[in-house]
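# Understanding the architecture of this molecule
So you can see what is in the structure, the chains are spelled out below.
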Amino acid sequence: GSIGRTFAWDFQIFWNAGHHLVSGQLVYPEPETLTPAVDPKPPGPEPWKSASGFVYPAPAAVAMAPFGLLPFPVAAALFTVLLIAAVPLALLALGVRDWRCYGVAFAWIPVLVGIRLGTFTPLLVLGSALLWRYRDRRVLAAASLAAIVTAKLFLWPLAIWLIVTGRSRQVALAAAGGAIASLGAWFIVGIETLPDYPTLLRRLSEANLGRSYSTSSLGEALDVPLLRGSVLAAVFAAGSCLAIALAARGRGGDARAFVVAVCAALLTTPVAWLHYFALLLVPVALLRPRLSPLWIVPVALWLTPFPESDQTPWRIFLALGITGAVGAATFLPTGSASMIAARLRRQAVPSIGQV
């Protein structure tokens, strides 16, 4: 379970990538060596030395290079402080001023697991919050989108949200900036590793099929081939685009479509670990800036406090159901999306013009 896992286990993999990069070693494993779920209790007095399996895009490895210059315990402590700070900063960016919400946020098991394991997820929460807050500031919005989608491709529905709400220039700038940054990072890491990267990602999905909290994992757990097929994944993706476009229509559509986009990202990703659901902080904070029952709903994930679903259908149903409930809340009259959008416009930082 999450309590028994080695502290900063995911960060061990990130640190190794940064350390290997600055040491001139190979960053990525060979695709055929990728195995399901690395043992969370590696042997030896220095477990970070045995961590492997870095499969993030090259920019993530470059970002980890400064941490790779530090001893692992120091780097892990600094990164953990950064993750802890990212949560209240995200809530502040979304206009949450009720101190009780900050306490409840740290009572969510996905948030705690994300911090304990040293994942990127709290930073993705902050990046998504900044994307919403600065959605009309072209450079800031593009930078936020490029950063979070480059780190985790499953957040692509946020680009659809920007497009359907008339912010295509932000998406174009993010795509251009992300492509340039990614290409530069691949040259630093080793451009010869780029052709094998898609195979590495495919092997990752295959190795973890059924272990996560995604719809594909649900199909594996229930032995329903249709739910884990690529055709259905394409249907889900198309359905998400349509849902975001429909949600954007009418008054308050901006906030409504944003909430749907975040939830769609969690519902369509082929692999979803428990800490991914910390991203629900963003739509919950947007929909309910003061403590309300919606803040308590994700606390139910304490019923399955494990990073992996262990192929247990009810655990996967619970995570996906909570995600669906948060998405549906944007259509409820209480704290409607239009009221939320108006409130956040009043709280926004005074405009200094389009960047």
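Residues numbered from 1 in each chain as written. Predicted model: local features only at pLDDT ≥ 70, side-chain atom pairs only at ≥ 80, totals over all residues. Heavy atoms only, no water.

## A closer look at the overall build of the chain
- Per the secondary structure count, the chain includes 18 helices and 0 strands.
- Restricting the contact set of the chain to residue pairs at least 6 apart, pairs at least 24 apart contribute 79%.
- Approximately 15300 Å² of the chain is accessible, and the part contributed by carbon and sulfur atoms is 68%. (Helix = DSSP H or I, 4+ residues; strand = E, 2+ residues; numbered from the N terminus. Contact = heavy atoms within 4.5 Å. Areas by Shrake-Rupley, 256 points an atom, 1.4 Å probe, with all protein chains shown as cover.)

## Looking at helix H6 (residues 109-117)
- Burial analysis of H6 places 7 of its 9 residues in the buried class, which makes it a mostly covered element.
- Buried within H6 we find Ile109, Pro110, Val111, Val113, Gly114, Ile115 and Leu117.
- Contacts made by the buried residues of H6 are with helix H1 (9-22), helix H4 (72-93), helix H5 (99-105), helix H7 (121-133) and helix H15 (281-287). (Buried < 20%, exposed > 50% of the residue type's maximum accessible area, 1.4 Å probe, protein only.)

## So, the nonpolar core
- Counting residues in hydrophobic clusters, the biggest one holds 106 residues, and the most contacted among them are Phe11, Phe54 and Trp295.
- Those residues in contact with tryptophan 295 that lie beyond four places of it in its chain are Leu91, Cys101, Val104, Ala105, Trp108, Leu281, Val284, Ala285, Arg288 and Arg290. (Core = buried A, V, L, I, M, F, W, Y, C linked by side-chain atoms within 4.5 Å.)

## Re a nonpolar patch on the surface
- Together, Leu183, Phe187, Ile191 and Leu194 make up an exposed nonpolar region whose accessible area comes to about 340 Å².
- Relative accessible area serves as the criterion here: at 30%, isoleucine 191 is assigned to the partly exposed category. (Patch = residues over 30% accessible without salt bridge, like charges linked within 9 Å, V, L, I, M, F, W, Y side chains within 5 Å. Salt bridge = Lys/Arg side-chain N within 4 Å of Asp/Glu carboxyl O.)

## Comments concerning helix H14 (residues 253-268)
- Compared with the 22 Å implied by 1.5 Å per residue over 16 residues, the 21 Å span of H14 between its first and last C-alpha is a close match.
- Extensive coverage of H14 is indicated by the burial of 15 of its 16 residues. (Expected span 1.5 Å × (residues − 1).)

## Concerning the confidence of the model for the chain
- Of the residues in the chain, 83% have a pLDDT of 70 or more, and the chain-wide mean is 85.
- Confidence drops under pLDDT 50 across residues 1-5; counting only partners more than four residues distant or on other chains, this segment forms 15 contacts.
- Scored below 50 in pLDDT, residues 349-355 makes 10 contacts in the model with residues more than four places away or belonging to other chains. (pLDDT = per-residue confidence, 0-100.)

## Quick look at the packing of helix H12 (residues 215-222) against helix H17 (residues 313-329)
- Where H12 meets H17, the closest approach of the two axes is 9 Å, and the angle between their N-to-C directions is 155 degrees. When the axis of H12 is compared with that of H17, the two are roughly antiparallel. Here the hand of the crossing between H12 and H17 comes out left-handed. Side by side, H12 and H17 meet where Thr215, Ser217, Leu218, Ala221 and Leu222 of the first sit next to Pro313, Ile316, Phe317 and Leu320 of the second.
- Per-class residue counts for the contact of H12 with H17 are 7 nonpolar, 2 polar and no charged. (Axes fitted to C-alpha atoms, helices over the stretch in contact; angles between N-to-C directions. Parallel < 35°, antiparallel > 145°, perpendicular 65-115°, else oblique. Left-handed = near helix turned anticlockwise from the far one by under 90°. Nonpolar A, V, L, I, M, F, W, Y, C, P; charged D, E, K, R; others polar.)

## Overview of the packing of aromatic side chains
- This model, assessed by the stated rule, comprises 20 aromatic pairs.
- A centroid spacing of 4.9 Å and a plane angle of 90 degrees characterise the contact between phenylalanine 14 and tyrosine 56, whose relative ring orientation is edge-to-face. You can see phenylalanine 14 sitting in helix H1 and its partner tyrosine 56 sitting in the loop between H1 and helix H2 (58-63), a full 42 residues away along the chain. Note on accessibility: phenylalanine 14 and tyrosine 56 belong to one class, buried.
- An aromatic cluster is present here, built from Phe11, Phe14, Trp15, Tyr28, Phe54, Tyr56, Phe67, Phe72, Phe79, Phe120, Trp186 and Tyr197 joined pairwise through their rings. (Phe/Tyr/Trp six-rings, centres within 6.5 Å; stacked < 30°, edge-to-face > 60°.)

## Quick notes on the environment of valine 164
- Checked against the element boundaries, valine 164 lands in helix H9 (residues 157-164).
- The spatial distance from the C-alpha of valine 164 to the C-alpha of leucine 242 is 9.8 Å, given a sequence separation of 78 residues.
- Leave out the neighbours within four places in its chain, and valine 164 touches Ile244, Ala245 and Ala248.

## A few points about the environment of leucine 94
- Checked against the element boundaries, leucine 94 lands in the loop between H4 and H5.
- Judged by its relative accessible area of 1%, leucine 94 falls in the buried class.
- Spatially, the C-alpha atom of leucine 94 lies 7.9 Å from that of proline 289, the residues being 195 residues apart in sequence.

## Focus: the side chain of aspartate 254
- Positionally, aspartate 254 belongs in helix H14.
- Of the polar contacts made by the side chain of aspartate 254, one reaches the side chain of tryptophan 161; its length is 3.0 Å.
- What aspartate 254 contacts, discounting residues up to four positions off in sequence, is Trp132, Arg135, Trp161, Thr165 and Arg167. (Polar contact = N/O pair within 3.5 Å; in protein donor to acceptor, adjacent residues only side chain to side chain.)

## Section: unusual backbone geometry
- The phi dihedral of aspartate 310 is positive, around 60 degrees, even though this residue is not glycine.
- Residue aspartate 310 is classed as exposed on the basis of its relative accessible area, which comes to 63%.
- You will see that glutamine 311, though not glycine, has its phi angle at about 55 degrees, which is positive.
- Here glutamine 311 is to be found in the loop between helix H16 (293-296) and H17.
- Judged by relative accessible area, glutamine 311 falls into the partly exposed class, the value being 41%.

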